[in-house]
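Structural overview
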Amino acid sequence: MSVLAPARQPVPSGRSPQIADFRARAEAVAGRELPTAPALHDWSVRSPDDFWRTLLAWSGLVREGSAEPVRTGDDVEGARFFPQVRLNYTENLLRAVPGAGDDAPAITSVHADGSLERLTRGELRTAVRRTSRALAELGTGSGSGDTVLAIAPNSAGAAVAALAAAALGATISTATPDMGPTTLVGRFGQVGAGTALVDRTGLGHDGAGADEVLATVVAGLPTVRRVLVLDDGPLPAFDGVPVARLADLVAAVPADDPGPEWPRLAFDHPLFVMFSSGTTGPPKAMVHGAGGTLLEHVKEHRLHGDLGPGDTLYFHTTTAWMMWNWQLSALAVGAHVVVYDGPISGPETLWELVAAHGVTVFGTSPAYLQLCQDDGYRPRDAVDLSALRAVLSTGAVLHEWQFAWVADAVGDVPLQSISGGTDVIGCFVLGHPELPVRPGRAQSLSLGLDVVALGEDGSPVLGEVGELVCRNPFPSRPVRFLDDPDGQRFHRAYFAAHPGAWTHGDRIEIDADGSARLHGRSDGVLNVNGIRIGPSEIYTIVRAVPGVADAMAVEIRDPATPGSTRLALLVVLRPGVVMDDALALRIRSTLRREGSPAHVPSLVLAVDEVPLTHNGKRSESAARAVLDGEPVRNASALKNPGSLEGIAAALAATQTPTPGTGDGPSVDGVRGDDVQGVVARVFAEVLGAPVPEDADFFDAGGTSRQSMTLLRRLRGELRRPVSIDDLVAAPTIGGLTAVLAVGGGRDAAVEVLREGVAGVPPLVLVHGPQGDVDLYRSMVDALDTDAPVYGLTAHLGTADGVGEASVAELARRHTERLEELQPTGPVRLAGYSFGGLVALETARLLTARGREVGFLGLLDLLPPTGQLSRNAQRLYHLAALAARLVPGMAGDTVVDFLRAGPLQRLLPAAAPSRPDEEVLRRSEEAFNRHAWGPYAGPVSYFRARRRIPVIMNQLYALRRIVPDLTVVDVPGAHHDLLAAGHAPELAARVSEALAASAR
C-alpha cells in the first residue's frame, strides 16, 4: 500500500468529526488557533490543566463539585486529578445522550449458538437499576468497601451485573471462565472480594466439570461471602458460602422500583481491579479510578474514534482484557455496543458478525487479520460491509502489509492502530478522524499525554526507536497496586527506570507529524551480538517464507559461551509443511538476505503454537524460560500452557548427539577419516545440527562469534592455518574442504584488518591465545583513524605458533616481522590480554633495537601469575572464583579452581580437551610463566569497568614495570571487552589515545 489511506468514512449524518467542535472550545480557552492535529496535541500537553478542565466540561459528564484544582501537582507518580469532583460511573454510561434516546440500541449480546439478546438504552437502564437493588439488598456497595468479582464470558448479563455493582460504588474485577482455577485464584486471591458473580459457561477445565472448578475457586478465595450465578443451570452448593441465582433476586424486585440511589463518589474512587499478564511472576493487581477511567475512555471514543450516537461498536475481546472495560464505556457516548461470547471458528466468524449487526467500528487484532489474509478470505467479497467506517487493531504490532491487505480485501476504510495497556486502561497512540493513515503507523498520540521516545542517552528522539515514556500526569494512571502498602512495587514498575516519567515498557518510534510505530515490548527487544533487533523485524521477513504461519523470536543463553546469548526462532508451520534442513536453511538465508547476519537464528524449532496469555498476547518470557531450561514462573497465566511442552519437545529433538562426532584416530593432525569429515563435523557441532555440503555457514545461522569458534576448531584439529577471509570466500563445507585439502588456507603472518591512508604509520594488533586476530574485528570496524590496521598472527601449524612457543619467542618472531613490515618510523602496537603481554614484550625488544614505539595500547592486560607473590596468587584465584558469582563477570570455574589446589585428588579427572582447548591451556601456561621486564615508554591501559573492586585491580603490579601508565576505563568485563556491543565506545577511546600519541 503505497498511498495514504483515508482518515475515515463520513458518518451517515454527514456531520463534522467531534474533535472539530472540541478544537473550537480549546481555541477559545487557548486564545489562539490550533489548526492542526499536532498543534492541538501540543497545547494539550503544554497546558494540561486547561486541556483536562476543558475536556471535562465539554464531555457533558454528570458530576458535582468544583473542577478546581485540576491536579494536585505535576508529579507523574503522585498527582491526583479533580479531587473535588464526584461522579458515578454507571450513571454516566446510562445517562440521556443527545441523539441516543431510550429506544436507541444499547447492547446486542451474540452467543456462540447464534442466539442473541438486545437491550435498548431504556431497557438497559431499567435492568441495571433493578439489579443494583437486588445487590444492595445483599449489602453490596461502597459503604461496605465491597469488591465484586465476575467470572463470565463477554455477554449482556455480565455487563448488566458489573454496571449494577459499580453503580453502588463497588469495585469490579472480571475474568473469563476458561482461565482455569489456578489462574483465577492467583488473580482474585489478591482482591479480597466478598461477592462472586459467576456464569459457568465455559468454566470446565482439564476434564473437570464447571461446578467442580467453581468449588476449587471458591475454596481458594476465603473472603468470598456469597456466590451469585448468572447462568440458568442448577445451583451448586458450597460449605459455608450461600449461592443464589441473580436473575431470581432481580425478579423479586417490583417492576416499578426505581432502584437505590446511586452515590456520586470521589473521582479516584476504585472502579476496576485489573491484572498484568503475569508471565514473569504473580500478576500485578492494579486499581483504576472511576473518574480517570471514564474521562480517558470518553476522550478516546469521541475525539480519537469519533464514536457517538448512530455508531455500532464491536471489539473482539474477553472479560479478562482491558478492551472489555473500554468497549463498555462506549455506552457513555451513546454508541451501540455488540458483544460476543463465542469462539472464532474461521476467518469469516467476526466479519459475518460485523455485517449482520451493521457494525460501523470494528476492533480486532493483528493475529485475526493475519488469519484472514493467510486463509485467502476476502470479507468484501463475502459479506456486506457497507456500514463499516473504521477498523481498529491492538494487542500486538500491526505490520505494513496488513494495512495493504485491509485496503484490498476489506475496503476503503482506515485501519487504525491503537496501543496502550491494562496499566493505563487506555491508549497512548490511537486513530484520528482528521488525519490520513500512514501504513504501519498509528495516526496520532493520545491527547493530553506527553508521550515521547527516549533514545539510548535518555533524551527524546524523533524518527528513531526509543523507550515509550509519558512525561506528565494523566488521570487513567492506576490509583494504586493492591498488596503494596508503601507504593514501592508501583514505583518500581513504572518510575524507577526514568524518574519523573511513566515508563511503559514498549519501544516506539514517533515522527514529527505525531504518527507513531510500535516496535514491541522493551523486554522483547533482542540484543544479538551487541545489535538490537525488534522481533517485528524478524516476523516481517519470516512471514514471506512459504510454509510459515507464525513465528516467535527469543533471545536465549548460549550454552557454548557462558555469559553470551543466541537467537532462537520458534516457527509455526502451515498444515502439511514439515520443518526439514532445506526449510530451516531457507528461513535463515532469507533473514540474512532481507535483514542482516544478526537476524539469523542459531536455533530454528518447529512448534504447533507459540505461548499466549489469556488476553492473546505473546509470551516470549515463557518460551525463553523453557529454552533456557528454567521453570516458567507463572504458566497459569497462559491460555495454552501445553505450548510449553511442545517447545521443550522440539528443543529435545535437536539435542540428540550428531552421528560421527566422536574422536577418531589422528593422522597427520587430522582426526577422523578425512578433511571433509572433520570440516562437516565441526560445522555441525558449532551450528548445533548437520548442514548440507553446499549450505552457506552464515545462511545456516552462523554468527560472527561462531565463525571464530569454527575457525579455531578447524585450526586445532587440522593443524593448518585458515582465516576469516577463507571462510568468507568459501563459506561451505565443500568450499573450506577444497581450501584446506590442498595444503591449508592463507598462511599470512600479517593480516590486513583495515586499509588506511598511505604514509600513516599502521596500528598493529597482536593475536590472542589461539593465534588469530578475529577477536578484534568489531573494534577495528569502529575505529576512527586514517591508519591502516594490521594483525600479527601465530596460527597453529605454522612456525612459532601459539601453544608451542613461549611469550618471549613469539615476541622475538613478531619483532622480526615488524622490522620487515615497517623498516622505519614509529611502531604502534596494541593487544588484548594474552596479546597485550606479547605486545608489551615486543615493544621492549623494539626499543632495545633502537626503534621508536609511538603507541602501545594494552587492553585489560592482567599480570602473569608468576609475577605475583604467593599471597597475591591466592587472592587472584579467589577473585577468579568469586567472579563466577557476579553477573557479567567471568573467571575460573569452581572445579578448575579446586583442581589447581590441594583438593585435586578428590575430583574426577578432567575430560579430554579438544585440540583448540588444549592450545588455549598451553597459551595460558605460557602467559603465566612469562617473566615480564620494565618498559620505560608511555602505555595506554584500557581497563574493563566491570571487575571485583580492589581484588581484580592488579594495576600495582603493572605500574612496577610501566611507570608511564595512562589508565582509560572502557565498558564491559575482561571476558567480553571486545564484544560487538562494547565496540563503539572501546574503539572511540582507542582512537582518542592513538590520535593523542601522534601529536
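Since this is a predicted model, take the numbers as computed values, not measurements. (Residues numbered from 1 in each chain as written. Predicted model: local features only at pLDDT ≥ 70, side-chain atom pairs only at ≥ 80, totals over all residues. Heavy atoms only, no water.)

1. Remarks on the overall build of the protein
Using the following cut-off: Only DSSP runs of H or I with at least four residues qualify as helices, and only runs of E with at least two residues qualify as strands; both kinds are numbered from the N terminus onward. The contact criterion used throughout is that any non-hydrogen atoms of two residues lie within 4.5 Å.
From N to C terminus, the protein includes 32 helices and 39 strands. For the protein, the proportion of contacts with a sequence separation of at least 24, taken over those separated by at least 6, is 71%.

2. Points about the sheet that holds strand β28 (residues 548-557)
Inclusion rule: Two strands form a pair only when DSSP identifies at least two bridges running between them. Every axis corresponds to a line fitted to the C-alpha atoms, with the helix fit spanning only the stretch in contact, and the corresponding angles, defined between N-to-C directions, vary from 0 to 180 degrees.
Taken together, three strands build an open sheet; the order of strands is β28-β29-β30 and the sheet is mixed. Single-partner strands in this sheet number two, and they are β28 and β30 (603-606). Each neighbouring strand pair of the sheet contributes to a mean axis angle of 20 degrees, computed without reference to strand direction. Bridging between β28 and strand β29 (residues 565-573) involves nine bridges; their strand directions are antiparallel. Among the inter-strand pairings, V548 is bridged to a residue of β29, identified as L573. The sheet contacts of helix α19 (residues 620-627) involve β28, β29 and β30, and relative to β28 the element is tilted by about 60 degrees.

3. Details of the confidence of the model for the protein
Under the convention used in this document: A residue's pLDDT is the predictor's confidence in that residue, given on a scale from 0 to 100.
Residue-level pLDDT values for the protein average 84, and 86% of them are 70 or greater. Throughout residues 949-953 the model reports pLDDT below 50, and contacts reaching past four residues in sequence, or to other chains, amount to eight contacts.

4. Concerning the sheet that holds strand β34 (residues 763-766)
If you walk across this open sheet you meet the seven strands as β33-β35-β34-β36-β37-β38-β39, and the pairing is mixed. Looking at which strands have only one partner, the edges of the open sheet turn out to be β33 (750-754) and β39 (965-973). Each neighbouring strand pair of the sheet contributes to a mean axis angle of 25 degrees, computed without reference to strand direction. With four bridges joining them, β33 and strand β35 (residues 789-792) adopt antiparallel strand pairing. The residue of β35 that forms the bridge with V750 is L792. In the packing of helix α27 (residues 834-848) onto the sheet, the strands contacted are β34, β36 (827-832) and β37 (853-859), and the crossing angle to β36 comes to about 155 degrees.

5. Focus: the nonpolar core
We count it as follows: Within this scheme, the nonpolar core is defined by two criteria: the residues are buried Ala, Val, Leu, Ile, Met, Phe, Trp, Tyr or Cys, and they are joined through side-chain atoms within 4.5 Å. For each residue, the accessible area found with a 1.4 Å probe, counting protein chains only, is set against the maximum for its type, and the residue is called buried under 20%, exposed over 50%, and partly exposed in between.
Counting 103 residues, the largest nonpolar core has W52, F82, Y89, L331, F428 and W502 as its most contacted members. No other element matches helix α6 (residues 156-167), which puts 10 residues into this core. If we skip the residues at most four places from it in the chain, F428 touches S419, G420, S444, L445, S446, L449, V451, L468, C470, F474, W502 and H504. In terms of nonpolar packing, the next biggest core, distinct from the first, is built from 37 residues, L567, L570, V572 and L644 among them.

6. Re the pairing of strand β4 (residues 147-151)
Counted only if it meets this: By the criterion used throughout, a crossover qualifies as right-handed when its path from the first strand across the helix to the second strand runs clockwise, the strands pointing away from the viewer.
Among the five residues in β4, five count as buried, and that is most of the element. By the alternation rule, side chains of β4 split into T147, L149 and I151 and V148 and A150, which are all buried. Note that β4 and strand β5 (residues 171-175) share five bridges and pair parallel. Bridge pairing links L149 to S173 in β5. You can see the chain leave β4, run along α6 and come back into β5, and the turn it takes is right-handed.

7. Observations concerning unusual backbone geometry
In the segment running from E68 into P69, the intervening peptide bond is cis, with an omega of -5 degrees. By the element assignment, P69 lies in the loop between α3 (48-59) and β1 (86-87). In this structure, F82 is a non-glycine residue whose phi angle is positive, near 45 degrees. By the secondary structure assignment, F82 is in the loop between α3 and β1. Classification of F82 by relative accessible area gives buried; the value is 0%. A positive phi is found at S833, a non-glycine position, where the angle reads about 55 degrees. Classification of S833 as buried rests on a relative accessible area of 15%.

8. Some thoughts on the environment of G801
Relative to the helices and strands, G801 is located in the loop between β35 and α26 (807-821). For G801, a relative accessible area of 4% gives the class buried. A sequence separation of 30 residues divides G801 from G771, and the C-alpha atoms of the two residues are 6.8 Å apart. If we ignore the near neighbours within four places in the chain, the residues touching G801 are A794 and H795.

9. Quick notes on the pattern of salt bridges
Note the cut-off: What counts as a salt bridge is simple: a side-chain nitrogen of Lys or Arg found within 4 Å of a carboxyl oxygen of Asp or Glu.
A full pass over the atoms with the stated rule returns 40 salt bridges. Residues R441 and E509 are paired through a salt bridge, measuring 3.5 Å at the closest nitrogen-oxygen approach. Here E509 lies in strand β24 (residues 502-510) and R441 lies in the loop between β18 (426-430) and β19 (444-445), a separation of 68 residues in the sequence. For R441, a relative accessible area of 3% translates into the label buried. Of the residues examined, E509 reaches a relative accessible area of 14% and is grouped as buried. Salt-bridge contacts for E630 lead to R557; the nearest nitrogen and oxygen are separated by 2.8 Å. Here the residue E630 occupies a position in the loop between α19 and α20 (642-654), and R557 occupies one in strand β28, the gap between them amounting to 73 residues. Bridged by salt links that share partners, the residues E400, R438, R441, E509, D511, D513 and R517 form one connected network.

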